Amino acid sequence: MKKILILGGTAWLGRTLCEHALGAGHDVHALARGSREFATGVEPVIADRTLPGAYDAARGIHWDLVIELTRDPGQARGAVEALAGNAGEWVNVSSCSVYAEQSTPGADEDSDVLEPLPPETPPDDYDYGRAKSYGEQVTMEARGGKALVIRPGLIGGPGDESGRSTYWPLRFAEARRPVLVPNDPGNELSVQIIDVRDLAAFILDAGLAGRHGYVNAVGEQTTLDDALRMARAAGEGDRHPSSGPEPTRPFVPYDLGRLEADDVNVWAGPRSLPLVLPPGPEHAGFARRSDARSLAMGLRRRALRETFADIVRAGPAGAVVPPKSGLSAGEEAKLIAVSSG
Ligand SMILES: NC(=O)c1ccc[n+]([C@@H]2O[C@H](COP(=O)([O-])OP(=O)(O)OC[C@H]3O[C@@H](n4cnc5c(N)ncnc54)[C@H](OP(=O)(O)O)[C@@H]3O)[C@@H](O)[C@H]2O)c1
């Protein structure tokens, strides 16, 4: 049994990490303010990391593994200053957003990263990629390189509050037809979704195994078209043909050249087509990051169709209402009318 401290641990990935570590029989402590429930079996360490003394209750204890989830440079620095010397292993959960450019398909971990964002930066100048870059840097410096920096790509699965991985399977699971689907005839658009449960297992296993350095953690690369096909299979399940005839018009293809004219967003957020990447060469490497190092380190990934099937099984109850990403029924209907006309 290992003694593990998760800095965070009550939101989506953090909670999944706690559950996974508890399931493996470890002694799991999570440090957070307690604005959400801690997983049953976790030892809560209630603290506000913006206040002095936030790490006092965790200081002086030997942690076999510390896992840091913060997006805040000051919190990343405060944690390593207080705890780095007492931790056997340290994992910093970073992001593929740290990379300075997203234009090269297959780019690996040696690619340049964004300039780190200093903790003293005014809140208005906050930049997520640069903040994570600082977290990486301060961790590696404090630990003399003896830390593992894991850079996830898009994380998906049941409970995804961003709605990016849940929109399509849940939309196909609705009886309402037709569904507006992005049309990508050249198969130029790519998707890489890592299941939150596979990511949690990898973070824990690689951390406890004492791996060090930088590693991407991305899903298997697939075309958007194939991803949508899998989402449809998961969403429709065995509904057709057993529950009636196939609708005459199950889909309406959406011409992505119309995005700007129709004021439709890509990737995420309101009035969006989730998972669709912005056009242009600067995103040609996005969702096409190298996964070679993570696979060599032991990352195991379930098939995307399983992730989608579990999202459908969890249903809308497992998603945020109203969804943070996608089209409302009214927005979709208007775009269908325009696309059909
Ligand atoms: N979603 C993606 O596709 C994606 C992609 C790449 C990387 N990532 C990374 O993956 C991780 C996601 O982690 P997550 O899902 O667990 O969500 P999260 O939003 O990073 O969780 C934040 C955690 O920190 C705690 N916290 C926040 N402010 C605090 C404070 N002032 N003092 C103490 N605790 C505080 C929160 O609990 P309280 O509010 O109760 O304090 C919560 O437990 C992040 O590191 C993110 O950058 C995400």
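First, a word on what this report is: a plain description of the structure on this page.

About the cut-offs
- Residues numbered from 1 in each chain as written.
- Predicted model: local features only at pLDDT ≥ 70, side-chain atom pairs only at ≥ 80, totals over all residues.
- Heavy atoms only, no water.
- Helix = DSSP H or I, 4+ residues; strand = E, 2+ residues; numbered from the N terminus.
- Rg over C-alpha atoms; globule rule 2.2 N^0.38 Å.
- Buried < 20%, exposed > 50% of the residue type's maximum accessible area, 1.4 Å probe, protein only.
- Contact = heavy atoms within 4.5 Å.
- Areas by Shrake-Rupley, 256 points an atom, 1.4 Å probe, with all protein chains shown as cover.
- Polar contact = N/O pair within 3.5 Å; in protein donor to acceptor, adjacent residues only side chain to side chain.
- Core = buried A, V, L, I, M, F, W, Y, C linked by side-chain atoms within 4.5 Å.
- Expected span 1.5 Å × (residues − 1).
- Near = heavy atom within 4 Å.

What follows concerns the overall build of the protein chain. Check the secondary structure of the protein chain and you find 11 helices and 15 strands. Taking 2.2 N^0.38 as the reference for a compact globule, 341 residues should give roughly 20 Å; the C-alpha atoms of the protein chain span a radius of gyration of 21 Å, in line with that estimate. Along the longest, intermediate and shortest principal axes, the C-alpha atoms of the protein chain span 65 × 40 × 40 Å. By the burial criterion, 49% of the 341 residues in the protein chain qualify as buried. Intrachain contacts of the protein chain at a sequence separation of at least 6 include 74% that bridge at least 24 residues. Total accessible area computed for the protein chain in this model is approximately 15500 Å², and 51% of it derives from carbon and sulfur atoms.

By the element assignment, Ser272 lies in strand E15 (residues 272–274). Side-chain polar atoms of Ser272 contact the backbone nitrogen of Gly326, separated by 3.0 Å. Other than its neighbours up to four places away in sequence, Ser272 contacts Val264, Asn265, Val266, Ser325, Gly326 and Leu327.

Side chains of a nonpolar character, in soluble globular proteins, are inclined to be buried together. The biggest cluster of nonpolar side chains holds 33 residues, and the ones touching the most others in it are Trp168, Tyr254, Leu273 and Phe308. Secondary-structure elements contributing two or more residues to this core are helix H4 (167–173), strand E8 (179–183), helix H6 (224–236), strand E13 (251–255), helix H10 (304–314) and helix H11 (329–340). The element contributing the most residues to this core is H6, with 6 residues. Residues within four places of Phe308 in sequence aside, it is in contact with Ser165, Pro169, Ile193, Ala227, Met230, Ala231 and Ala234. Counting 32 residues, the second-largest nonpolar core is a separate cluster that includes Phe202, Ile203, Leu204 and Ala206.

So, on to helix H1 (residues 12–23). The end-to-end C-alpha distance of H1 is 16 Å, a good match for the 16 Å that 12 residues give at a rise of 1.5 Å each. Among the residues of H1, those classed as buried are Leu13, Gly14, Thr16, Leu17, Cys18 and Ala21. At the exit of H1 stands Gly25, carrying a positive phi of roughly 90°.

As a further point, take the side chain of His26. Its place among the elements puts His26 in the loop between H1 and strand E2 (27–32). When neighbours within four sequence positions are excluded, His26 is seen to be in contact with Met1, Lys2, Ile4, Ala21, Leu204 and Leu208.

Right, let's talk about the site of the ligand for a bit. Residues in contact with the ligand amount to 29 residues; listed here are only the nearest, Thr10, Arg33, Ser35, Leu69 and Tyr128. For the ligand, an oxygen atom lies 2.6 Å from a polar atom in the backbone of Leu69. Contact with the protein chains hides 85% of the accessible area of the ligand, taken as 910 Å² for the molecule alone. Elements represented by at least two residues in the shell around the ligand include exactly H1, helix H3 (128–142) and strand E7 (154–156). Broken down by element, the shell around the ligand gets its largest block of residues, 3 residues, from H1.

Purely geometric stuff here, so don't read any function into it on its own.
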